[in-house]
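# Secondary and tertiary structure notes
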Amino acid sequence: MGCFSVIAILSGGVGGARLAAGFAEVAREEVTIIVNTADDEEFYGLHVSPDVDTVLYTLSGMGDWERGWGIGGDTFRCNEMLGRLGLENWFKIGDADLAMSLYRSLMLRQGHRLTEVVERARRALGVKARILPMSDDRVRTMVVTESAVLPFQQYFVKLRCEPKVLGVVFDGIEGARPTEEVLEALKTAEVIVIAPSNPVVSIGPILSLRGVRELIRKSGAERLAVSPIIGGKTVKGPADRMLAALGIEPTAVGVYKLYSDIIDIMVLDTEDSKLAPLIEGDGKRCIVTSTLMHNRDEAARLARTILDHVGRI
Ligand code: GDP
Ligand code: CA
């Protein structure tokens, strides 16, 4: 295998990790996953990278498929102790999960790039697919609500997505660069997949990095997106409410419109089959299939269906 990737997947946490696990299982090609880092955060002096870790854990088989974050069977003794000591402990990091953040923080302090740290970790955990943080530079999603501008994890975890969203800002995005590895992966990819991740806060930051959207727009790859919205609702998380708050219809068509300049194929759930003509009327192809991934087998089936359509299996 060369140092090029044939399938590149743009991903956030749970939705992206699930589909990426499906591709990693069925694809003959090299799979490279480009992961959002705009919801990274510092806790207790440690660099926590939730989406990258969700992808790492899901692909290594250590993850909790149902919960969608953390390590299966993890304990939370450190988290509880931090609470007893009087620290805020609303961000639940399990004990083994914490080891990953300790490792990452140590390696970063030793001068390694985030990309290198993730590369070492995925090899150590036996993950064959490449996992690329979107950038080695600091980008932070800030959620603008009626009462305050909140760091993403405060909105998402501490306040359980309850405040009404007025907008989002990717702090640091202008100065941040996609890594050379990300640019190379996109240039060499023959299939580019936008995973069913939150279009606003998971895919949004990746596409906002300088040059990335343009590169995908001009790419000769088969480019497709899988809708994270089924029947007007998210499977998990606040994407439907966020889209509505930003004036985008919370449907697969609304998601399609966000990507219409950079994709050839939209993957819709069977439940949304009636929406296909709207997208086909715009000159695009649709794949209508079951897109719910309750387990690894369903994820593999979805990946295989997609690869069958683009003729690479
Ligand atoms: P986060 O970073 O962990 O919040 O996760 P992502 O942004 O990657 O994914 C969140 C999105 O994944 C939500 O909008 C969900 O609707 C979507 N999602 C989760 N599981 C599935 C699934 O099995 N199928 C589809 N189509 N979407 C899913
Ligand atoms: Ca995330």
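Residues numbered from 1 in each chain as written. Chains lettered and ligands numbered in written order. Predicted model: local features only at pLDDT ≥ 70, side-chain atom pairs only at ≥ 80, totals over all residues. Heavy atoms only, no water.

### Regarding the nonpolar core
Spelled out, the test is: Throughout this description, the term nonpolar core refers to a set of buried Ala, Val, Leu, Ile, Met, Phe, Trp, Tyr and Cys residues connected via side-chain atoms within 4.5 Å. Exposed residues in this analysis have more than 50% of their type's maximum accessible area, buried residues have under 20%, and partly exposed residues fall in between, with area computed by a 1.4 Å probe over protein chains only. Two residues form a contact once any of their heavy atoms are found within 4.5 Å.
Ranked by size, the top nonpolar core spans 49 residues in total, and within it L10, I34, L186, Y259 and M266 carry the most contacts. When near neighbours in sequence (up to four residues on either side) are disregarded, L10 contacts I34, L186, I192, V193, I194, A195, I203, I206, L207 and I216. I7, M100, V226 and I306 belong to the second largest nonpolar core, which has 43 residues in total.

### As for the side chain of S101
The condition that has to hold: Only DSSP runs of H or I with at least four residues qualify as helices, and only runs of E with at least two residues qualify as strands; both kinds are numbered from the N terminus onward.
In this structure, S101 sits in helix α4 (residues 95–109). What S101 contacts, discounting residues up to four positions off in sequence, is L46, H47, V48 and D53.

### Describing the site of ligand 1
Rule in force here: Any residue with a non-hydrogen atom lying within 4 Å of a molecule or strand is treated as near it. Here a polar contact is recorded for every N or O atom pair within 3.5 Å, except that within protein the pair must consist of a potential hydrogen donor and a potential acceptor, and residues adjacent in sequence are included only if both atoms are side-chain atoms. A 1.4 Å probe and the Shrake-Rupley method give the accessible areas. Residues count as covered only by the protein chains that appear here. A 1.4 Å probe that fits but cannot get out identifies a cavity on a 1 Å grid over protein atoms alone, an open set with protein on both sides within 12 Å along at least five of seven lines counts as a pocket, and a residue lines either if it has an atom within 4 Å of a point. What decides whether a molecule sits in a cavity or pocket is whether more than half of its atoms lie within 2 Å of the grid points. Residues are grouped as follows: Ala, Val, Leu, Ile, Met, Phe, Trp, Tyr, Cys and Pro are nonpolar; Asp, Glu, Lys and Arg are charged; every other residue, Gly included, is polar.
By nearness alone, 22 residues border ligand 1, and S197, S202, P228, V235 and M293 come closest of all. Here an oxygen atom of ligand 1 sits 3.2 Å away from a polar atom, N or O, in the main chain of G15. For ligand 1, an oxygen atom lies 3.3 Å from a polar atom in the backbone of G16. Calculation on ligand 1 without its partners gives an accessible area of 590 Å², and the protein chains cover 94% of this total. Of the pockets mapped on this structure, ligand 1 occupies the largest pocket. In terms of residue count, the dominant contributor to the shell around ligand 1 is helix α1 (residues 14–26) (four residues). Across the shell around ligand 1, the residue classes break down as nine nonpolar, 10 polar and three charged.

### Considerations on the side chain of K284
Threshold: We score Asp and Glu as negative and Lys and Arg as positive, and we do not count His or the chain ends. A side-chain nitrogen of Lys or Arg and a carboxyl oxygen of Asp or Glu constitute a salt bridge if their distance falls within 4 Å.
Considering the arrangement of structural elements, one finds K284 in the loop between α12 (276–280) and β14 (285–289). One buried charged residue, K284, remains without a salt bridge, the closest side chain of opposite sign being D282 at 5.0 Å. Engagement of the side chain of K284 in a polar contact is seen with the backbone oxygen of I263, the distance being 3.2 Å. If sequence neighbours within four positions are ignored, K284 has contacts with Y256, S260, I263, D264 and I279.

### Focus on the coordination of the calcium ion (ligand 2)
Basically, it comes down to this: Atoms are scored as donors when they are N, O or S and lie within 2.8 Å of the metal, with 3.2 Å used for Na, K and Ca; no water is included, so coordination may look incomplete.
Only D39 (OD), D51 (OD) and D51 (OD) from the protein reach the calcium ion (ligand 2) as donors, at distances of 2.2 to 2.7 Å. Within this pair, whereas D39 is found in the loop between β2 (31–35) and β3 (41–43), its partner D51 is found in helix α2 (residues 50–60), the two being separated by 12 residues in sequence. Relative accessible area serves as the criterion here: at 6%, D39 is assigned to the buried category.

### Quick word on the layout of surface pockets
Regions of empty space are outlined by a rolling probe, equal in size to a water molecule, passed over the atoms. Threshold: Grid points are joined across faces, edges and corners, and a volume is the space filled by probe spheres set on the points.
Of the voids in this model, the largest pocket is the one considered here, and its volume is about 1,000 Å³. Surrounding the largest pocket, 47 residues form its lining, V14, G68, W69, F156 and K236 being those nearest its centre. Looking at the lining of the largest pocket, the elements with two or more residues in it are α1, α2, α4, α6 (152–158), α8 (199–208) and α10 (239–245). In terms of residue count, α2 provides more of the lining of the largest pocket than any other element does, five residues in total.

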